[in-house]
Amino acid sequence: MHIGVPREIKNHEYRVGLTPTAVREVCQHGHQVTMETNAGAAIGYTDADYQAAGAAIAASPRAVFEAAEMIVKVKEPQASERALLTERHTLFTYLHLAPDEPQTAELVDSGAACIAYETVTDSHGRLPLLAPMSEVAGRLSIQAGAHCLEKAMGGRGVLLGGVPGVAPANVTIIGGGVVGQNALAMAVGMGAQVTVLDKNVDTLRHLDQLYGSRITTLFSTLETVEASVVNADLVIGGVLIPGAAAPKIITRDLVSRMNEGSVLVDVAIDQGGCMDTSKPTTHAEPTYVVDGVVHYCVANMPGAVARTSTQALNNVTLPYVLQLADKGARQALQDDPHLLNGLNVCRGQVTNQHVAAARGREFVDPQEALAQL
Ligand SMILES: NC(=O)C1=CN([C@@H]2O[C@H](COP(=O)(O)OP(=O)(O)OC[C@H]3O[C@@H](n4cnc5c(N)ncnc54)[C@H](O)[C@@H]3O)[C@@H](O)[C@H]2O)C=CC1
Ligand SMILES: CC(=O)C(=O)O
Ligand SMILES: [Mg+2]
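Everything quoted here is computed from the prediction, not taken from an experiment.

Below, the discussion takes up the packing of aromatic side chains. In total, this model carries 3 aromatic pairs according to the counting rule given. Between Tyr45 and Tyr50, the aromatic rings sit 6.4 Å apart at their centres with planes inclined by 80°, giving edge-to-face as the arrangement. Of the two residues, Tyr45 and Tyr50, neither departs from the other in class, the shared state being buried. Arranged with centres 4.8 Å apart and planes meeting at 85°, the rings of Phe92 and Tyr117 form a pair that is edge-to-face. Of this pair, Phe92 sits in strand β5 (residues 90–93) while Tyr117 sits in the loop between β6 (113–116) and α6 (131–148), and the two are 25 residues apart along the sequence.

Structure representation (structure tokens):
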């Protein structure tokens, strides 16, 4: 199969779909790879590195899309990339379609088979292609939040760990999944006072076993959310219902009752955000203030540490890239129900139930849509 990797064009996005290491493996399986020139240059992967691994280099995104049957990316295709997608293509990348009508409409119109990293599952019901980026974003959320708490950023002027004789900051983490657990590890490491909320009692039980009385775990209700957010210095939003738009957990009213200079980091912004007052921001302008509360809502947080993130992402995507290339998309999807869960749009049909519900579109069983590939 011929695989194409364009350079990412989202604001300050320096990750790349395939590393030279991954390209070498793909080529060894007998496939061709075309990289857009400078696709990995910002993180130290030169065109020469890719050529040494077996790739051809193309001068433009158009040349990549015209050469390739499968496009491997990181972020959802931007408008200029969507215009290059046709029914010849399989697209393998993050999509986050539930909150994004223009993208949904254009992927449907393209006729391409679009597999979203974030809804591919594993046999434990987890999301193996989301997990490494959630690990990165969870860890970064505390780093970003600590920075936002500084006065110059609009924050309260509070140090997460306090100092001897001065209390540490209160950090509330909503969602104890991969983002939440990684945020928790960093917040505890920095000496903060941490509360974690989740709807899943088993998740809270697991965290209680790990941290004991060092942290507080709370079942997430209207009341516990209110009580733990209103006095928090820093709140991390890391909830997810896979494929669906994020539930709005923090209301506008609650934000207005928070202390001036407190900070909200809405990691779930890529699924629309879990706070009424959230709107996507970029690394160029990561924050804004509502009612005195600093909001950090960057939708591609791992792009900030693009080299680490690219390597972590390739570790998990490579086996699927090889399956898709070796067998062809149709056979690979037919053989692996977990990969099939990643199929969001196929030949003009929406094949993910949550995306269909969020976008008010008809849901078509992915098995049925596969028959048309
Ligand atoms: N902004 C960014 O750059 C990035 C964003 N993300 C996003 O972060 C979000 C979280 O991802 P993961 O941690 O991997 O998901 P996960 O599935 O591991 O964890 C989500 C947790 O939310 C909990 N939850 C669901 N509804 C809840 C509610 N009403 N109250 C409290 N908890 C609730 C679930 O029980 C689960 O434990 C996703 O939207 C993901 O796409 C991930 C990576 C990067
Ligand atoms: C998961 C996601 O949205 C990201 O890594 O940018
Ligand atoms: Mg206020």
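Moving on: the sheet that holds strand β3 (residues 56–58). On the basis of which strands lie adjacent, the open sheet formed by 8 strands has the order β3-β2-β1-β4-β5-β6-β14-β15 and mixed pairing. Because the sheet does not close on itself, it has two edges, and the strands there are β3 and β15 (349–350). Taken together, the 3 bridges between β6 and strand β14 (residues 343–346) define a ladder with antiparallel strand orientation. Bridge pairing in β14 links Cys114 to Val345.

All right, on to the site of ligand 1 then. Close contacts around ligand 1 come from 26 residues, with Ser134, Val179, Asp198, Asp270 and Met301 the closest. Backbone polar atom of Val267 to a nitrogen atom of ligand 1: 3.0 Å apart, as the coordinates give it. Met301 has a polar backbone atom sitting 2.7 Å from an oxygen atom of ligand 1. Mapped onto the shell around ligand 1, the elements with two or more residues apiece are α6 and α7 (178–189). Ranked by the residues each element gives to the shell around ligand 1, the list is headed by α6, at 3 residues. A per-class count over the shell around ligand 1 returns 14 nonpolar, 9 polar and 3 charged.

The subject of this paragraph is the coordination of the magnesium ion (ligand 3). Of the protein atoms, only Ser256 (O) and Met258 (O) coordinate the magnesium ion (ligand 3), at distances of 2.7 Å. Residue Ser256 is classed as partly exposed on the basis of its relative accessible area, which comes to 38%. On the basis of relative accessibility, which here comes to 6%, the residue Met258 falls in the buried class.

Basis of the calculations
Residues numbered from 1 in each chain as written. Chains lettered and ligands numbered in written order. Predicted model: local features only at pLDDT ≥ 70, side-chain atom pairs only at ≥ 80, totals over all residues. Heavy atoms only, no water. Phe/Tyr/Trp six-rings, centres within 6.5 Å; stacked < 30°, edge-to-face > 60°. Buried < 20%, exposed > 50% of the residue type's maximum accessible area, 1.4 Å probe, protein only. Helix = DSSP H or I, 4+ residues; strand = E, 2+ residues; numbered from the N terminus. Pairing = 2+ DSSP bridges. Near = heavy atom within 4 Å. Polar contact = N/O pair within 3.5 Å; in protein donor to acceptor, adjacent residues only side chain to side chain. Nonpolar A, V, L, I, M, F, W, Y, C, P; charged D, E, K, R; others polar. Donors = N, O, S within 2.8 Å, 3.2 Å for Na, K, Ca; no water.

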